[in-house]
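# Breakdown of the fold
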Amino acid sequence: MGIQEQYRNEAAELLSSGAVKLVIGYGGGSTPDRRRPVFVRSAEEVSRLVLDSYCVANLSAYLISEGLLSDGKNVAVFLKPDGIRSVNILSAEAQVNPDQVVILGFNIEGEQTTPLPGRKAADYAPLMESLRSSGLSPELQREADRLEQMSAVERFDYWKEQFAKCIKCYACRQVCPMCYCRRCIVDVNQPQWINTSSHTLGNFEWNIVRAFHLAGRCVACGGCDRACPVNIPLRLINHRMSKETLDIFGHFPGESADQKPVLATFRQDDPETFIL
Amino acid sequence: MTRILLNSRLDDCLSAWRSAGYRVIAPSRSNNLTSFDEVASAADMALDLVLPERTIKDHFFPQTEPLVRYEIKKQQIDTEEMLPPDDKRVFFGVRPCDAAGLDIDDPLFGWDYKDQYWFKRRENSVIVTIACTKADPFCMCTSVNLGPDNPKGSDIMLHPLKDGRGWQMVTLTDRGKALLETVVPMLQEDAAETASLANVPVKFDVEKAMTWLADPANFESHFWKEISQRCIGCGSCTFLCPTCHCFDIQDEGDTYSGIRRKNWDSCSFAMFTMHTSGHNPRNTQSMRWRQRIMHKFNYYRGKFGVNSCSGCGRCTRQCPVDMGITETLQEITNTAK
Amino acid sequence: MRVVSKREEAPGVRTLKLEFLNQEHHEFFRNHYQTGMFGLYGIFGEGESTFCVASPETRKDYIECTFRQSGRVTSTLAAVDAGDIVTFRGPYGNRFPIEEFEGKNLLFIAGGIALPPTRSVIWSCLDRRDRYRDVTIVYGARTVADLVYKNELDEWKQRDDVNLVLTVDPGGETPDWQDHVGFVPSVLEKVAPSPDNTIAVLCGPPIMIKFTLNALEKLGFSADNVYTTLENRMKCGIGKCGRCNVGSVYICKEGPVFTASEVQAMPQQDL
């Protein structure tokens, strides 16, 4: 039995037993290589679920849909390791109750899709441990190194060109499981912290503010990067912030549901060199 | 016998247009994005694209546009209207769907009050369209009663020659004729076979869908929740749409001076209709998606006699969750009686 | 426009009286303004906010607007002083067809901060009092403090040719409150004139409109004889920015004034 069949059966069982009210998974898309999020509410519908190496989206973002978990019922969701990390962060930041989330975990390596054992976020502790020890993506690091080698002026010009493309559609924010603010700072107008206009300056403000807010929280799922309709390499800016929080604080986001948010905690012996 | 423009003479045309005072704007690739940009030579053009990722709308209704400069002084406020420049522009290598988008938006910007920011640019621009010989799986112009060589919104239509040497040139408007006059020496009279047009399959029955949408009973149908469940509420479909025209007005500056700007806005955003009181007439994503579809295929037609969709398919092509007009109208067509 | 005076109406509610700085603009306003129309009032650097012209079409030397301080623009407008300059775009939208009301009884119903649009119609009619028959005004607010235009309420109360009925929500009364206590729809059912030859003009928050329309229907008012105004978030005011529509109806162009039957024909979920 392939992984898709196995997980369809499991989804059917979860739904028919009433263990979950909803399964968030992937379905066929408008072209052969596209997958789209699907919401399955009954065992009869599980044939809509597809699981293969095209299922790359981090579906944990749907867990923060307004009111979804407020009835206390459970929801099952297909997640890759990055999505499981997102659930841990959302739990640590008190946005979801991990007990309500049944994880249908899987991994993609090349064309291969393999099931991950464990159904609750906590079951994945050993996986998280191994992810941590392998550190940040070497692939991203190679891309980032190219930027690191630039002079500050060159790097600024690079980002200026990239951000000049931004149209402020906020797809990066909307697709991101970490962007759960009921009213984003860019939508606040008393005071108007950030220019809403999509000129290069306003785009800088938006993209840098978002990068700051993701520092130590991004799991490099690549959702924003894929969602961006104007192809801004957002993965690189987020990777840079992740490297910073890893190097300085040893923080690998999403290790567990107990992990303290790195920029929202402090220690008595923090040096506070930035003040002096 | 028809007029032929050879690939090899395109740079000469560009020079002629420039000497006649035109800026030439064409599909191009830069910074890992395809869009309409000013080009220096034919080599800068990306005419092989089915469609650039961004639309020609950018040059008529930019994402952020200064309206008025203001300066607040003691007892008076000085203002200065910031109308777009008068420069003449040739848009070369536009696709019929993008050209049609301009034509579709004209009545809206001219509804009682004529929007100078739009029409000044429209009147100074010549649209040279190339009929499509290829399409991708997202193209859907034929589903909205347009097609790969539809002349709507174009001043000149170029039909690619079968042998790939160039294009047959057909002028459609006076503006097109005037532009052609500037390059007559570069053209040749020839009989040449044109390439066959792209085959764009019809994906939904737009008439049937419109009838379903027009039925008030379907406004509160559960369908809207189902179809939009995965919508994440970003603005990419609206901002990359050649006909979406909604905007916000914002002042930017310091205490005493600044600029009032017109910025793209999107019916997908929750803030779009939010009252100060907190009441929001369209307070769920399904209501907002319904608004987009109703606006395009019901309200707009009621006001201006045309649907606000030119079938470019960008909404689906660029959607992070694979939604779009095609799927919604297909579903409606499939379920409507 | 220059602020001539500023009046505190109720907590957080202010009225500005504005005079034209430019003769040409004033002439345009004189030629175009009719009761019911709205404008966009603004402060450069903050933006614009949409509200009705609260002064009547019979008094076009100035513009009055009344607003509750709630958002960015209204907070700034609330802080202006006499002599300051604010911007005005308008008048936009349609109007109450008050010449069609001639020879009829008029019933004005308003709730809270929605008295201003009603007041524009009220004075437009009272300034030509002989053209209309009985005039009844039912006005309610959450508390006594929230009643706006207190001076004018006193004036209407004194007049023999106006029947003013005031009410406040239960709990909103003061110890010396002499008038009704109760929600507008229920008070209306007690005091409403006969629907025969009567036009009702109704302005209020969405929830009050909904229940008051029910009450008017129960009283026998035809939906064609009930007028109301709709308000939505607006940016352009001229039918382009795309946000104020209810179904296919653009409030800024085809409204803000509608009959109850027109409102009932709109998709209710969009209101």
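Please read all numbers here as calculations on a predicted model, not as lab measurements. (Residues numbered from 1 in each chain as written. Chains lettered and ligands numbered in written order. Predicted model: local features only at pLDDT ≥ 70, side-chain atom pairs only at ≥ 80, totals over all residues.)

Residue and element names in this part refer to chain A. Segmenting chain A into domains produces domain 1 (3–126) and domain 2 (138–251). Here the C-alpha centre of domain 2 lies 26 Å away from the C-alpha centre of domain 1. The residue inventory of the side of domain 1 that touches domain 2, partitioned by class, reads five nonpolar, five polar and two charged. (Domains from an automatic or database assignment. Nonpolar A, V, L, I, M, F, W, Y, C, P; charged D, E, K, R; others polar.)

On to the nonpolar core, then. Grouped together as the largest cluster of nonpolar side chains are 226 residues, with contacts concentrated most on Val77(A), Phe78(A), Phe91(B) and Phe108(C). Examining the composition of this core, we find that six residues originate from one element, helix H2 (residues 96–109) of chain B, more than from any other. If we ignore the near neighbours within four places in the chain, the residues touching Phe91(B) are Ile25(B), Phe36(B), Ile56(B), Ser125(B), Val126(B), Ile127(B) and Val128(B). (Core = buried A, V, L, I, M, F, W, Y, C linked by C-beta atoms within 7 Å. Buried ≥ 20, exposed ≤ 12 C-beta atoms within 10 Å, placed from the backbone. Helix = DSSP H or I, 4+ residues; strand = E, 2+ residues; numbered from the N terminus. Contact = placed C-beta atoms within 7 Å.)

This part covers the interface of chain A and chain B. On the side of chain B, 30 residues touch chain A, which itself brings 27 residues to the contact. Those elements giving two or more residues to the side of chain A that touches chain B turn out to be strand E2 (35–40), helix H5 (152–164), helix H6 (171–174) and helix H8 (223–227) of chain A. The element contributing the most residues to the side of chain A that touches chain B is E2(A), with three residues. Partitioning the side of chain A that touches chain B into residue classes produces ten nonpolar, eleven polar and six charged.

Residue and element names in this part refer to chain C. If you check the domain split of chain C, you get domain 1 (2–92) and domain 2 (103–229). Summarising the inter-unit geometry, the C-alpha centres of domain 1 and domain 2 are found 24 Å apart. With 15 residues of domain 1 in contact, the opposing surface of domain 2 contributes 16 residues. Mapped by element, the contributors of at least two residues to the side of domain 1 that touches domain 2 are strand E1 (2–10) and strand E5 (63–68).

Attention shifts here to the sheet that holds strand E5 (residues 76–81) of chain B. Residues and elements named next belong to chain B. One open sheet accounts for four strands, arranged E5-E4-E12-E11; its pairing is antiparallel. Either end of the sheet is taken by a strand with one partner, and the two such strands are E5 and strand E11 (247–253). The average angle at which neighbouring strand axes cross in this sheet is 25 degrees, direction not considered. Here strand E4 (residues 64–73) pairs with E5 via six bridges, running antiparallel. Residue pairing across strands places Arg69 opposite Glu80, the latter belonging to E5. (Pairing = 2+ DSSP bridges. Axes fitted to C-alpha atoms, helices over the stretch in contact; angles between N-to-C directions.)

Tallying the contact residues gives 25 residues for chain C and 35 residues for chain B. Partitioning the side of chain C that touches chain B into residue classes produces eight nonpolar, ten polar and seven charged.

Another point: the pairing of E2(A). Residues and elements named next belong to chain A. Where strand E1 (residues 22–28) and E2 come together, six bridges link them in antiparallel fashion. By the bridge assignment for E2, Val23 is matched with Val40. Connecting the antiparallel pair E1 and E2 is a turn made up of six residues.

Moving on, we come to the packing of helix H5 (residues 184–191) of chain C against helix H6 (residues 206–218) of chain C. Residue and element names in this part refer to chain C. Running from amino to carboxyl end, H5 crosses H6 at an angle of 20 degrees, the nearest separation of the two axes being 9 Å. Judged by the inter-axis angle, H5 sits roughly parallel to H6. Both H5 and H6 take part in a crossing whose hand is right-handed. Contact with H5, carried on its side by Val184, Pro185, Leu188 and Glu189, involves Met208, Phe211, Thr212, Asn214, Ala215 and Lys218 of H6 and no other residues of that element. The residue makeup of the contact of H5 with H6, split by class, is six nonpolar, two polar and two charged. (Parallel < 35°, antiparallel > 145°, perpendicular 65-115°, else oblique. Left-handed = near helix turned anticlockwise from the far one by under 90°.)

Here we come to the sheet that holds strand E5 (residues 112–115) of chain A. All names here are of chain A. Ordered by their spatial adjacency, five strands build an open sheet running E2-E1-E3-E4-E5, and the pairing between neighbours is mixed. If you trace the sheet from one side to the other, it starts and ends with E2 and E5, each paired once. Here the strands of the sheet are splayed against their neighbours by 30 degrees on average, with no regard to which way each runs. Across three bridges, the pairing between E1 and strand E3 (residues 75–79) is parallel. The residue of E3 that forms the bridge with Leu22 is Val75. Sitting on the sheet, helix H2 (residues 81–92) is in contact with E3 and strand E4 (101–109), with an inclination near 145 degrees to E4.

In this section: unusual backbone geometry. In this structure, Pro191(A) follows Gln190(A) across a cis peptide bond, with omega equal to 0 degrees. Of note, Pro191(A) is situated in the loop between H6 and helix H7 (200–214). Each neighbour pair has its own omega, and for Gly255(C) with Pro256(C) the value is 5 degrees, a cis peptide bond. Mapped onto the fold, Pro256(C) is located in the loop between helix H7 (251–254) and strand E15 (257–259). Positive phi outside glycine occurs at Ala220(A), with the angle close to 55 degrees. Locating Ala220(A) in the fold gives a position in the loop between H7 and H8.

This brings us to the pairing of strand E11 (residues 198–203) of chain C. Residues and elements named next belong to chain C. The element E11 is extensively covered by neighbouring structure, given that six of its six residues are classed as buried. Side chains of E11 alternate between two faces, with Thr198, Ala200 and Leu202 and Ile199, Val201 and Cys203 buried alike. Of the pairings in the sheet, the one linking strand E7 (residues 105–111) to E11 comprises six bridges and is parallel in character. Following the sheet pairing, Phe108 is matched in E11 by Val201. Strand direction decides the pairing type here: E11 and strand E12 (residues 226–229), joined by three bridges, are parallel. By the bridge assignment, Val201 is partnered in E12 with Tyr227. Between the parallel pair E11 and E12, the chain is carried across by H6, and the sense of this crossover is right-handed. (Right-handed = clockwise from strand over helix to strand, strands pointing away.)

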